[in-house]
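Observations on the model geometry
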Amino acid sequence: MSQNEEKREAASAALEFIKPGCALGVGTGSTVNYLIDALPAVKDKIQSIVSSSVDSTKRLRSIGFEVSELAEVGHCDLYIDGADEANKHFQLIKGGGGALTREKVIAAASRKFVCIIDQTKMVGVLGAFPLPIEVIPMARSYVAREIIKYRGQPVFREGFMTDNGNQIIDVHNLSITNPIEIESRISLIPGVVTVGLFCHRPADVLLIGAPDGVKCHER
Ligand code: 5RP
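The following refers to the structure shown. (Residues numbered from 1 in each chain as written. Predicted model: local features only at pLDDT ≥ 70, side-chain atom pairs only at ≥ 80, totals over all residues. Heavy atoms only, no water.)

Remarks on the site of the ligand
Around the ligand lies a shell of 17 residues, among which Ser30, Thr31, Asp84, Gly95 and Lys121 are the nearest. Here an oxygen atom of the ligand sits 2.5 Å away from a polar atom, N or O, in the side chain of Ser30. Contact distances for the ligand include 2.9 Å between an oxygen atom and a side-chain N or O atom of Lys94. Look at the ligand: alone it shows 380 Å² of surface, and the protein chains cover 91% of it. (Near = heavy atom within 4 Å. Polar contact = N/O pair within 3.5 Å; in protein donor to acceptor, adjacent residues only side chain to side chain. Areas by Shrake-Rupley, 256 points an atom, 1.4 Å probe, with all protein chains shown as cover.)

Written out as structure tokens, the structure reads:
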């Protein structure tokens, strides 16, 4: 099975978690795109949808879904999103697609967070995938200098602006053995909007697409 097929299988397994009357949060990325393509089959169970990015909102609207603002609906029963890395504690690196801030807000405002990934995303230690940090533009070089203290190599994501009008620094070569602490410490650097570690609010369910089927792990 190819990596894309594993993503599609994981996305399709997530449909089971959508119960009648669901206030649904939809994330961003290629795995979530498979989810969005499959959502019409469960449309009658969905009461409202919020999305973590302009891209996902456009995609949802193009197949006839109305997309609400989180500020209007208040909370989600269920949030479904992908990840760049996950560990056995359900902690994640997210933000490869640059939507980390809205993703973190929706994850925090959701009763259940189902993370859909292919098996290549499971790691022992987080950090082989460059850690995305959303920063306000004027703080970019200051934040990069602070990050060097953690022995990571900050790389500015050239030509990219987030949906919030901010920029992204990708931090390479981190070995994140204490992710909860690192999430707290980077979040406190002035100018950081969001760090792409999802550890204070990890996933509740990991659906992992693999050659022999989708594995479901619940926290
Ligand atoms: C976007 C994300 C995505 O969930 C993450 O990058 C995974 O993407 P994909 O499903 O394309 O592998 O965090 O900000």
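So much for the structure itself; the text now carries on.
A closer look at the environment of Pro179
By the element assignment, Pro179 lies in helix H7 (residues 179-187). Here the alpha-carbon distance between Pro179 and Val125, two residues 54 residues apart in the chain, equals 9.2 Å. Those residues in contact with Pro179, other than ones at most four positions away along the chain, are Gln91, Leu126, Leu197 and Cys199. (Helix = DSSP H or I, 4+ residues; strand = E, 2+ residues; numbered from the N terminus. Contact = heavy atoms within 4.5 Å.)

Details of a nonpolar patch on the surface
Residues Ile136, Met138 and Val193 make up a contiguous nonpolar surface patch of roughly 280 Å² in combined accessible area. Along the chain, the position of Met138 falls in the loop between strand E7 (131-135) and helix H6 (140-148). (Patch = residues over 30% accessible without salt bridge, like charges linked within 9 Å, V, L, I, M, F, W, Y side chains within 5 Å. Salt bridge = Lys/Arg side-chain N within 4 Å of Asp/Glu carboxyl O.)

Examining the packing of helix H1 (residues 3-13) against helix H2 (residues 30-38)
Relative orientation of the contacting elements H1 and H2 amounts to 50 degrees, with a least axis distance of 8 Å. Between H1 and H2, the angle falls in the class oblique. Relative to H2, H1 is oriented so that their crossing is right-handed. In this structure, H1 contributes Asn4, Lys7, Arg8 and Ala11 to the contact, and H2 contributes Ser30, Thr31, Tyr34 and Leu35. For the contact of H1 with H2, the class distribution of residues is three nonpolar, three polar and two charged. (Axes fitted to C-alpha atoms, helices over the stretch in contact; angles between N-to-C directions. Parallel < 35°, antiparallel > 145°, perpendicular 65-115°, else oblique. Left-handed = near helix turned anticlockwise from the far one by under 90°. Nonpolar A, V, L, I, M, F, W, Y, C, P; charged D, E, K, R; others polar.)

Brief notes about the sheet that holds strand E2 (residues 46-51)
Think of a sheet as strands paired side by side through backbone hydrogen bonds, with each pair either parallel or antiparallel. The strand order E2-E1-E3-E6-E12-E13 describes an open sheet built from six strands, whose pairing is mixed. Among the strands making up the open sheet, the edge pair consists of E2 and strand E13 (213-218). If you compare each strand with its neighbour and ignore which way they point, the axes differ by 20 degrees on average. Summarising the sheet, strand E1 (residues 22-26) and E2 pair through five bridges and their orientation is parallel. Within E2, the position partnered with Cys22 by the bridge is Ile46. In the packing of H1 onto the sheet, the strands contacted are strand E6 (110-118), strand E12 (205-210) and E13, and the crossing angle to E6 comes to about 155 degrees. (Pairing = 2+ DSSP bridges.)

Let's talk about the pattern of salt bridges
For the coordinates displayed, the defined rule picks out 11 salt bridges. Across the salt bridge formed by Asp77 and Arg111, the nearest N and O atoms sit 2.7 Å from each other. One end of the pair, Asp77, is in strand E3 (residues 76-81); the other, Arg111, is in strand E6, and 34 residues separate them in sequence. With its nearest N and O atoms 2.6 Å apart, the salt bridge here joins Asp204 to Arg219. Of this pair, Asp204 sits in the loop between strand E11 (197-198) and E12 while Arg219 sits in the segment after E13, and the two are 15 residues apart along the sequence. With a relative accessible area of 15%, Asp204 lands in the buried category. Given a relative accessible area of 56%, Arg219 falls into the exposed group. Salt bridges sharing partners connect three or more residues here, namely Asp81, Lys94 and Glu103. (Buried < 20%, exposed > 50% of the residue type's maximum accessible area, 1.4 Å probe, protein only.)

Quick notes on H7
When H7 is considered as a whole, its buried residues turn out to be Pro179, Ile182, Glu183 and Ile186. Angularly, the buried residues of H7 cover 105 degrees about the axis, an arc narrow enough to put them on a single face. The elements touched by buried residues of H7 are helix H5 (100-108), E7, H6, strand E10 (192-195) and E11. (Arc of directions from axis to C-beta.)

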